[in-house]
Structure formats: structure tokens, C-alpha cells
Amino acid sequence: MNDAVSSRPPVSAGPVIEVKNLTKRFNGLTAVDGVSFSINRKEIFGFLGPNGAGKTTTISMLCTLLKPTSGSATLNGFDIATQQDAVRQSIGIVFQDPTLDDQLTAWENLHFHAMLYNVPASQRRERAERVLDMVGLIDRAGDRVETYSGGMKRRLEIARGLMHYPHVLFLDEPTLGLDPQTRSAIWDHVHELRAQYDITVFLTTHYMDEAENCDRIAIIDTGKIVALDTPGALKHRVGGDIITLRSADAATTVAELMEKFSLEAQVQPASADTSGPAGDRIYLEVPEGRTLLPQMLRGLDTEILSVTVREPTLDDVFLSLTGKQIREETVDKMDAMKTRVRRRRAQRGAGHR
């Protein structure tokens, strides 16, 4: 066992996180609605859902930043409501919004974090070198963070979250706004740190490809968990192939599909990123789609503008379970409240300059 694992706080028996009927309400708005789940040690567990689904609120309760309205949860055997200090010593957090001090160097950011978590002074330098080397920043450790790119800052935040060797690392939208190459590099680091530090990773995301990295995924929508399983098992629930049609007359095409082929179809409104002629998309889940498609096209009287056939993805799972695509993100009351708080902070900061 390496020194990172042996020097951590004691390990409790059973699941590292256990949640029972956890609920959070804000002024009549139910942000998290009676969720229950457990997470095993060394698991990469994901919360998949759109903005406003309750992902960040759930993590905030588990990290003791918010008090639950009702329900209970334990982390590393400690109750999140009554043993908050012990919970905090057991976790590392990478928030959705940046929390680094841009005027300090990477060394200084990590040293300050180590002091807050009572890491022995004799171990701080060695631990900082270890985590900085893991995330590929050891050569930039003496540079001020304001000179870092967005991807470098996220990697430094992950390194900082590991300085006190937590049992659970929370990653709240860890690659939000980053380019695909940087996102892939960060995930390489996440898998490496799980193997090297024997930690559990709990992340939130609305990126479907990112969720594929998880051992298990909980799909959350409007504060409720609608499904929880491995990525493969969730996609198997959809079954068959996915056929997407674009029709000049979606309503007539759907009626034909039901009448002539007994197929249940779902119409998706055309989105801004959809190329080609105007028209709604028609979504079908069918067995042996490539065999059925030629027969189906010959039997339709309405004009078909385009067609695709593919195997199901997590996007299809989310659509099947919720009736909408995860990209259809709307600003709900919680997002609006966060925006107002950030705006007020910015205004106060400008007033002090």
C-alpha cells in the first residue's frame, strides 16, 4: 500500500456513500426530491442530467455545504448532518466555478490548502510534487495561476483536491467549457488517480461521452433519480437500433408509421444545431433497424428529407426516460438565483476598486 493510502483517515466498512430519501427545498422549490443510492469504494459514480436537475444541490449536501430538508446520508461512515468535520476530512472537492487564487502560484495554492486540512508540514512539499506530477503541471508549479489556461486550472484544482488524500473526490462538471482534447486528458488523470490513490470519484456532468467513463450512472431529472445502472445496462434498456427521420410533414409521417408499421414514434423539435431543411425529427426505437428501414421508406407516402440509423447512446436513454434531450437545458429558478448572486458579487467587487 502506498503512503497516500496508508496516511488517510480511517476507512469505514460498507459503501463509502449511502443516501436515503435525501430532499432539499428552497422557498417552495424542491431541488432534490427524495433521492436514494449508495456508492462503493473505488467506484467512479456519475450524476447525469441537465442544468437544474439537482446534481450540484445533491453534492452540496453530501459535502456539508447545504443542510438537507429531510432524509439522511453518510460518507465514509460519518453522518453529513451531525459529523460534518469528519465528513469534510474525508472528501476533496472540485467545484463547478473556479476557486483558485489567481495571484498565487500553484505551489502556494496547494500549500494553503494543505494548511487548512492540517497536512503535516513535513509532508506538504512531497504531496504537492506528487499530485502536480500526476496532472502534468510540475514544470509550471512556480507560475502564478493567472497565467494558466482553463484546462490547466481544472487540473490544478483536481490536484488540490487530492492534497489531503481524501476517500471521495467530488467533481462538479469537471470539464465544463473545455475543449474535447483537454477533457480527454483530464479523464486520463482521473482514471490514474483512482488507481493510484484508491479513491472514489463522484462526478456530475451533462456530457454524454464523459458519463461513459463511469462505472455506474444515476440519471437525474427535476430532482429525482429516474434510472441507476452501468452505462451498458442503461443503453440496453432502450433496445434495438435508433432511427431518426427528418420529414417535410412530421405529423403525417408519424401517423403513417403507426398505421402501416405499428411503430411508436416520438417527434423532437428541430434544434438550432440541426443542419439541412426545416422540419421536425422523428425518433424511433426498433429491433434490426437496418433491415426494417428499406421497407419502411418504401411504404411511406410523405417526403423523407434525411435518415440515420445507429445503436443507442446515453442521450437516447435520457430521451427515453424523460421525454427530452439533455441538451434542452433551461434556466430554472435555481440557476436564476445563482446568476443573481454572482452578479451581486461582481457588482460589490467593482465597487471596491
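Everything in this summary refers to the structure shown in the same document. (Residues numbered from 1 in each chain as written. Predicted model: local features only at pLDDT ≥ 70, side-chain atom pairs only at ≥ 80, totals over all residues. Heavy atoms only, no water.)

Sheet architecture is open: 6 strands sit in the order 6-7-8-3-9-10, paired in mixed fashion. A strand with exactly one partner marks an edge of an open sheet, and here the two such strands are strand 6 (91-94) and strand 10 (224-229). For this sheet the average axis-to-axis angle between neighbouring strands, irrespective of direction, equals 15°. (Pairing = 2+ DSSP bridges. Helix = DSSP H or I, 4+ residues; strand = E, 2+ residues; numbered from the N terminus. Axes fitted to C-alpha atoms, helices over the stretch in contact; angles between N-to-C directions.)

This paragraph deals with the packing of aromatic side chains. Any two aromatic rings considered together are summarised by their centre-to-centre distance and by the angle between their planes. Within this structure, the stated rule accounts for 7 aromatic pairs. Judged by centre distance (5.4 Å) and plane angle (75°), the rings of Phe45 and Phe202 are edge-to-face. Placement of the pair is Phe45 in strand 3 (residues 44-48) and Phe202 in strand 8 (residues 200-205), with a sequence separation of 157 residues. We note that Phe45, like Phe202, is buried. Plain terms: the ring middles of Phe170 and Phe202 are 5.4 Å apart, the flat faces sit at 35° to each other, and that makes the pair tilted. With a gap of 32 residues between them, Phe170 in strand 7 (residues 168-172) and Phe202 in strand 8 connect regions that are remote in the sequence. (Phe/Tyr/Trp six-rings, centres within 6.5 Å; stacked < 30°, edge-to-face > 60°. Buried < 20%, exposed > 50% of the residue type's maximum accessible area, 1.4 Å probe, protein only.)

As a further point, take the nonpolar core. Judged by nonpolar contacts, the single largest core of 50 residues is most densely connected at Leu132, Leu156, Leu171, Leu193, Val201, Ile217 and Leu314. By residue number, the principal contributor to this core is helix 7 (residues 180-197), which donates 5 residues. Ignoring any residue separated from it by four or fewer positions in sequence, one finds Leu132 in contact with Ala106, Trp107, Leu110, Leu137, Ile138, Ala141 and Leu156. (Core = buried A, V, L, I, M, F, W, Y, C linked by side-chain atoms within 4.5 Å. Contact = heavy atoms within 4.5 Å.)

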